[in-house]
Amino acid sequence: MDAEGLESFRHFVDSRSSALLRTAVLLSGGDRHSGEDLDLRVKSEGGTGGWDANTAQSYRTGFYVFDVASGSGSWSEVRPGTDMNDPTAFLNSRQDFAFSRDGSRIWSGLPSEPGYQFYDRQGAKVGPPAGEQYLSWFVDAGLSPDGRRLAGDFAGKKYKSSSWIVDPRTGKNLVETHGQQLLAWADDSTLVAWDVGPDGNEYHQRLVLVTLDSDEVVPLSDFRAVKDDTLGRWTPIFADR
């Protein structure tokens, strides 16, 4: 964020916009790197075979945390490491930082296990807060509203297309539920998920509503196009009611 952008954001905070519902606002990234081409796309060798953003290098340099009430904030630098044997040395390319569930920490996704790194608000590496040590950054649903269940990775044991629900305290798999990828909790026992059709193509997805300990799967949309670069391909956005 350059000086002009930072000043504009301060004006936004000062206006006490109704969109600011948290006690703090997190901005991640930093000034655009001189060598960074945000429009660059590379042909993916696997997956959908489409054209994707360049993920070979990350330009995430740190984050701002702003207090909504006062508009004051501070920048915390996060320097990527250089040790190829250290899984926490590299950040996912173009993935923003985010607050932990309780707002006490900031985390970023990692391209390998353990899959995430937590920081305090000054940018120092810290451990995960209670209930989040087993989360997977690529499973969007995360913790259930009551905090007693954690959406997990793909299962494929009982059903051809399914995911695990995990105990957030122990990491133990609790139940296998329908849904290829769990996206959001509708309540403490119901989730919105991506699921595949009868053809079994993992990239031929539609939105469904699934319920724990139930075989009922309710379609919420038609199927998306398979390739990421298909014109009109859409991405769902979820909000609290």
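A short tour of the structure in this document, coming up. Predicted model, so just to flag it, every value in this text is computed and none were measured. (Residues numbered from 1 in each chain as written. Predicted model: local features only at pLDDT ≥ 70, side-chain atom pairs only at ≥ 80, totals over all residues. Heavy atoms only, no water.)

### Digging into the nonpolar core
Worth spelling out the cut-off: Only buried Ala, Val, Leu, Ile, Met, Phe, Trp, Tyr and Cys residues count toward a nonpolar core, and they belong to the same one when joined by side-chain atoms within 4.5 Å. Accessible area is worked out with a 1.4 Å probe on protein chains only. A residue is then buried under 20% of its type maximum, exposed over 50%, and partly exposed in between. Strands are runs of DSSP state E lasting at least 2 residues, helices are runs of H or I lasting at least 4, and numbering of each runs from the N terminus. Between two residues, a contact is recorded if the distance between any of their heavy atoms is within 4.5 Å.
Counting residues in each nonpolar core, the largest one holds 12 residues, listed as Val-139, Ala-141, Ala-151, Ile-165, Val-175, Leu-182, Trp-185, Leu-191, Ala-193, Val-208, Val-210 and Leu-212. Breaking this core down by element, the ones donating at least two residues are strand S13 (181-185), strand S14 (190-196) and strand S15 (205-211). Not counting residues up to four positions away in its chain, the partners in contact with Leu-191 are Ala-141, Ala-151, Ile-165, Leu-182, Ala-184, Trp-185, Ala-186, Val-208, Leu-209, Val-210 and Leu-212.

### Re the pairing of S15
Regular strands have side chains that alternate between both faces of the sheet. The test is simple: Only when DSSP finds a minimum of two bridges between them are two strands counted as paired.
In this structure, S14 lies alongside S15, joined through 7 bridges in antiparallel fashion. By the bridge assignment for S15, Val-196 is matched with Gln-205. Judged from the 3 bridges that link them, S15 and strand S16 (residues 217-219) form a sheet pairing that is antiparallel. Considered in S16, the bridge of Val-208 is made with Pro-219.

### Details of the pattern of salt bridges
Threshold: Put simply, a salt bridge is a Lys or Arg side-chain nitrogen that is within 4 Å of an Asp or Glu carboxyl oxygen.
Evaluation of the coordinates by the stated rule reveals 1 salt bridge. Note that Arg-169 and Asp-167 form a salt bridge whose closest N and O atoms lie 3.1 Å from each other.

### So, the sheet that holds strand S9 (residues 125-126)
Strand order in the open sheet made by the 4 strands is S6-S7-S8-S9, with antiparallel pairing throughout. Only two strands of the sheet have a single neighbouring strand rather than two, namely strand S6 (98-99) and S9. The sheet contact formed by strand S8 (residues 116-119) and S9 spans 2 bridges and is antiparallel. Across the sheet, Tyr-119 pairs through a bridge with Lys-125, a residue of S9.

### Some thoughts on the sheet that holds strand S10 (residues 150-154)
Convention followed: Axes, fitted as lines to C-alpha atoms, cover a helix only where it is in contact. Angles between the N-to-C directions of the axes lie from 0 to 180 degrees.
Across the sheet, which stays open at both edges, the 3 strands sit in the order S10-S11-S12 with antiparallel pairing between neighbours. Since the sheet does not close on itself, it has two edges, and those belong to S10 and strand S12 (173-178), each with one partner. This sheet shows a mean twist of 35 degrees between the axes of neighbouring strands, independent of strand direction. Pairing of strand S11 (residues 162-166) with S12, which is carried by 5 bridges, proceeds in the antiparallel orientation. Looking at S12, one finds that Ile-165 is bridged to Val-175.

### Things to note about the packing of aromatic side chains
To be explicit about the condition: Stacked, tilted and edge-to-face pairs are distinguished by plane angle, under 30 degrees for stacked and over 60 for edge-to-face with tilted covering the rest, among Phe, Tyr and Trp rings (Trp via its six-membered ring) whose centres lie within 6.5 Å. We count a charge as sitting over a ring when the NZ of a lysine or the CZ of an arginine lies within 6 Å of the ring centre and within 35 degrees of the ring normal.
This structure, assessed with the given rule, holds 8 aromatic pairs. Above the face of the Trp-234 ring, Arg-224 is positioned so that its terminal group lies 6.0 Å from the ring centre.

### Some thoughts on the environment of Gln-180
Residue position: Gln-180 is located in the loop between S12 and S13. What makes Gln-180 buried here is its relative accessible area of 13%. If we ignore the near neighbours within four places in the chain, the residues touching Gln-180 are Phe-154, Ser-161, Ser-163, Trp-194, Asp-195, Val-196, Glu-202 and Gln-205.

### Describing the side chain of Glu-176
What counts here: Counting of polar contacts relies on pairs of N or O atoms within 3.5 Å, with two restrictions inside protein: one atom must be capable of donating a hydrogen and the other of accepting it, and residues adjacent in sequence are counted only when both atoms are side-chain atoms.
With respect to the element layout, Glu-176 can be found in strand S12. A polar atom in the side chain of Glu-176 sits 2.5 Å from the side chain of Ser-162. Once you skip the residues sitting within four places of it in the chain, Glu-176 turns out to touch Ala-155, Gly-156, Lys-157, Lys-158, Tyr-159, Ser-162, Ser-163 and Trp-164.

### Let's talk about the side chain of His-178
Relative to the helices and strands, His-178 resides in strand S12. Taking the relative accessible area as the measure of exposure, His-178 reaches 13% and is therefore buried. In terms of polar contacts, His-178 uses its side chain to reach the side chain of Asp-215, at 3.4 Å. Look past the residues within four positions of His-178 in its chain and what remains in contact with it is Tyr-159, Ser-161, Ser-162, Val-210, Ser-214, Asp-215 and Val-217.

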